[in-house]
Amino acid sequence: MALENINYDNYIHKKLKKCEFCGKELEPIGLDYLYANISSEYVKYQRCTCDKAKEYWKEKDKQDAEEQKRKRFRNMIKVIYKQNYVGRKYQELNFENFIIDLNNKNAVKMANDYINKNKDKILSNGLIIMGESGVGKTHLAAAIANKLIENDKIVLMGRLTTLLDLIKETFRDNAKSENELIELYSNVDMIIIDDLGTEKISSWALEKLYTIIQNRFENGLPIIITTRFDKKGLISRFSYSNDQDLIDATISKLYQMCYGITLKSMKKELVNAAKQNN
């Protein structure tokens, strides 16, 4: 067929697109607009340069970049964790099977309030859930994690050694890099470190922990820890690393970012009450 005999009206889209803000006619980009069998919604147009259009595209690009970043994080988690964002033992812990009594009722209320404040948009304040062994610190933290995950938040939860062991694996596995994992831990919606202070922490581990905490602070993202130690106790437990300045900086930053929830042992409370009555 001779080119001069082609009826281009059958092929070229006749619909024009105008800027929804100022009405300027926009030029199509590429060659898709030449074909009638290509839906007009797939035809790309130049961006208008009016102020409102610039503002719109700035926000749209920001949202698209955030969506792509979250997609990349989710894919990394699927590869690394091979299951949910939290270990299987954590997935079964929720508010429904948390035993509430007069001793922990207020702590559970604070935890629920925290979730409600972070359902739509994650806030920068984190939590330090303190208490003796066996009072439900891990259960309460996991319940928070699972509620946030239900609300489409990206949450990672584990002991510090578990999280850092994955970084150590990057020295043996070229498919993952230390920087990628640090970026992941620094940018997911929530990271929960369970039973902090239980393991002795090396200088290398302390450095990585501080980097993650500082990055999350700068990114305006929270962190939750569970621990049986108070501030002084954590500093003492971290002294194994022999870097007092970094220990102080790490603990101080953590307490700057978080407020505390204390879970008490009902048995201990009964003993104290008995002493007061005698």
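Quantities reported herein were computed from a predicted structural model and do not represent experimental measurements.

1. Remarks on the packing of aromatic side chains
When we look at a pair of aromatic rings, we describe it by the centre distance and by the angle of the planes.
Logical step 1: Tallied over the entire structure, the rule returns three aromatic pairs.
Logical step 2: A centroid spacing of 6.0 Å and a plane angle of 50 degrees characterise the contact between Phe21 and Tyr56, whose relative ring orientation is tilted. Taken together, the residues span a long stretch of sequence, with Phe21 in the loop between β1 (17–18) and β2 (25–26) and Tyr56 in helix α1 (residues 51–81) at a distance of 35 residues.
Logical step 3: What makes Tyr56 partly exposed here is its relative accessible area of 34%.
Logical step 4: Here the aromatic rings of Tyr56 and Trp57 are separated by 5.1 Å at their centres, their planes lie at 75 degrees, and the arrangement is edge-to-face.
Logical step 5: Given a relative accessible area of 27%, Trp57 falls into the partly exposed group.

2. Some remarks on the packing of helix α7 (residues 203–218) against helix α9 (residues 244–257)
Helix packing for two helices is described by the angle between their axes and how far apart those axes are.
Logical step 1: Following both chains from N to C, one finds α7 and α9 inclined at 35 degrees, their axes separated by 10 Å at the closest point. Taken as a pair, α7 and α9 cross one another with a handedness that is left-handed. Along its contact with α7, which presents Leu206, Glu207, Leu209, Tyr210, Ile213, Gln214, Arg216 and Phe217, the element α9 presents Leu246, Ile247, Ala249, Thr250, Lys253, Leu254, Gln256 and Met257.
Logical step 2: Its residues assigned to classes, the contact of α7 with α9 shows 10 nonpolar, three polar and three charged.

3. Focus: the side chain of Asn104
Logical step 1: As for its position among the elements, Asn104 is in the loop between α2 (88–91) and α3 (105–118).
Logical step 2: Assessed through its relative accessible area of 6%, Asn104 is described here as buried.
Logical step 3: Within the structure, Asn104 has its side chain in polar contact with the backbone oxygen of Ile99 (distance 3.1 Å).
Logical step 4: Discounting chain neighbours no more than four positions away, the residues touching Asn104 are Phe98, Ile99 and Leu263.

4. Some words on α3
Every α-helix winds through 3.6 residues per turn, so residues three or four apart in the chain are directed the same way.
Logical step 1: With 14 residues, α3 extends 20 Å between its outermost C-alpha atoms, agreeing within 8% with the 20 Å of an ideal straight helix rising 1.5 Å per residue.
Logical step 2: Among all positions in α3, only Ala107, Val108, Ala111, Tyr114, Ile115 and Asn118 are buried. Buried positions in α3, seen along its axis, are confined to an arc of 115 degrees and lie on one side of it. Residues of α3 that are exposed and point over 90 degrees away from its buried face: Lys105, Asn106, Lys109 and Lys117.
Logical step 3: Looking at the buried residues of α3, the elements they touch are β5 (126–130), α4 (137–150), β7 (190–194), β8 (223–227) and β9 (258–262).

5. As for the pairing of β8
Logical step 1: Among the five residues that make up β8, five are buried, leaving the element largely enclosed by the rest of the structure.
Logical step 2: Where burial is concerned, the two faces of β8 agree: the one with Ile223, Ile225 and Thr227 and the one with Ile224 and Thr226 are both buried.
Logical step 3: Both β5 and β8 contribute to a ladder of four bridges, which runs parallel. When the bridges of β8 are listed, Ile128 appears paired with Ile225.
Logical step 4: The sheet contact formed by β7 and β8 spans three bridges and is parallel. Across the sheet, residue Ile192 finds its bridge partner in β8, namely Ile224.
Logical step 5: Handedness of the crossover joining β7 and β8 through α7 is recorded here as right-handed.

6. A word on the environment of Phe98
Logical step 1: Here Phe98 shows up in the loop between α2 and α3.
Logical step 2: For Phe98, a relative accessible area of 7% translates into the label buried.
Logical step 3: With 38 residues separating them along the chain, Phe98 and Gly136 place their C-alpha atoms 8.0 Å apart.
Logical step 4: Each residue touching Phe98, except ones within four places of it in the same chain, is listed here: Asn104, Val108, Gly136, His139 and Leu140.

7. Some thoughts on the environment of Ile193
Logical step 1: Tracing the sequence through the fold places Ile193 in strand β7.
Logical step 2: Residues Ile193 and Ile225, 32 residues apart in the sequence, show an inter-C-alpha distance of 4.7 Å.
Logical step 3: Discounting chain neighbours no more than four positions away, the residues touching Ile193 are Gly158, Leu160, Leu163, Leu209, Ile223, Ile224, Ile225 and Thr226.

Calculation notes
Residues numbered from 1 in each chain as written. Predicted model: local features only at pLDDT ≥ 70, side-chain atom pairs only at ≥ 80, totals over all residues. Heavy atoms only, no water. Phe/Tyr/Trp six-rings, centres within 6.5 Å; stacked < 30°, edge-to-face > 60°. Helix = DSSP H or I, 4+ residues; strand = E, 2+ residues; numbered from the N terminus. Buried < 20%, exposed > 50% of the residue type's maximum accessible area, 1.4 Å probe, protein only. Axes fitted to C-alpha atoms, helices over the stretch in contact; angles between N-to-C directions. Left-handed = near helix turned anticlockwise from the far one by under 90°. Contact = heavy atoms within 4.5 Å. Nonpolar A, V, L, I, M, F, W, Y, C, P; charged D, E, K, R; others polar. Polar contact = N/O pair within 3.5 Å; in protein donor to acceptor, adjacent residues only side chain to side chain. Expected span 1.5 Å × (residues − 1). Arc of directions from axis to C-beta. Pairing = 2+ DSSP bridges. Right-handed = clockwise from strand over helix to strand, strands pointing away.

None of the figures reported here should be taken as evidence of function without further support.
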